[in-house]
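Chains, contacts and geometry: an overview
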Amino acid sequence: MRVIVYIICGALFFSCASRKVDVSKTEIKTNTDSTSITKTDSTSIINKNVYFTENTTELEIKPLNDSLPIVIDGTSYFNAVLKYKKQNKVLVDTSKIIVSKKVLKQVSKSKQEIKNIKEKHIDKKANYFVYLWLLLIPVGMYIYRQIKIKLFL
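The paragraphs below set out a description of the structure included in this document. (Residues numbered from 1 in each chain as written. Predicted model: local features only at pLDDT ≥ 70, side-chain atom pairs only at ≥ 80, totals over all residues. Heavy atoms only, no water.)

1. Brief notes about the pairing of strand β6 (residues 96-124)
Taking burial as the measure, the 29 residues of β6 include 0 buried ones, a minor fraction of the element. Of the pairings in the sheet, the one linking strand β1 (residues 19-47) to β6 comprises 29 bridges and is antiparallel in character. Its bridge partner being in β6, E27 is matched across the sheet by N116. (Buried < 20%, exposed > 50% of the residue type's maximum accessible area, 1.4 Å probe, protein only. Helix = DSSP H or I, 4+ residues; strand = E, 2+ residues; numbered from the N terminus. Pairing = 2+ DSSP bridges.)

2. Notes on the pattern of salt bridges
Across all of its chains, the model carries 1 salt bridge by this definition. Across the pair K115 and E113 runs a salt bridge whose closest N-O atoms are separated by 3.9 Å. Assessed through its relative accessible area of 33%, E113 is described here as partly exposed. (Salt bridge = Lys/Arg side-chain N within 4 Å of Asp/Glu carboxyl O.)

3. Section: a positive patch on the surface
On the surface, R19, K25, K118, K120 and K124 cluster together into a patch of positive charge. Going through the elements one at a time, β1 and β6 are the ones with two or more residues in the positive patch. Ranked by residues supplied to the positive patch, first place goes to β6 with 3 residues. By the secondary structure assignment, R19 is in strand β1. On the basis of relative accessible area, R19 is assigned to the exposed category, the value being 57%. (Patch = residues over 30% accessible without salt bridge, like charges linked within 9 Å, V, L, I, M, F, W, Y side chains within 5 Å. Areas by Shrake-Rupley, 256 points an atom, 1.4 Å probe, with all protein chains shown as cover. Lys, Arg positive; Asp, Glu negative; His and termini not counted. Charge placed at Lys NZ, Arg CZ, Asp CG, Glu CD.)

4. Here we look at the environment of N65
Tracing the backbone shows N65 in the loop between β2 (50-63) and β3 (69-72). C-alpha separation for the pair N65 and F78, spaced 13 residues apart in sequence, amounts to 7.0 Å. Excluding anything up to four places from it in sequence, N65 contacts F78 and N79. (Contact = heavy atoms within 4.5 Å.)

5. Some points on the environment of E113
Mapped onto the elements of the fold, E113 is located in strand β6. Along the backbone, E113 and I28 are 85 residues apart, and their C-alpha atoms lie at a distance of 8.1 Å. When near neighbours in sequence (up to four residues on either side) are disregarded, E113 contacts I28, K29 and T30.

Here it is in structure tokens:
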């Protein structure tokens, strides 16, 4: 019976200090939506300035009558008609091409972020019952002296 009383008294006097625990849970949701619009306008002009010059010379000899001769550059032709034709052709290509390009580009991006934060705060108070052990020393010395005096009288 005495042992049980000592255990209960010891548990009451020398127990741990009280402590308070505060746990907070926080959930943070972040939604980010962004839209980017890119507009591009471009115009390109292509000019073609091409000139072709063509020079042609034609010499045509036709016989008119076979009995009469014609001599040209040491060559004799009999009864012929000369036809001389000189031509200058100029071809001009001044075409102009306009190319227009319009681009509208839209990009949408959405991001969802979830953060869970768990914080734990512990508030522990000091245990002053530990110092009661120091009080047992003088009490133990007093009991020891009393027992010594009674035994050796």
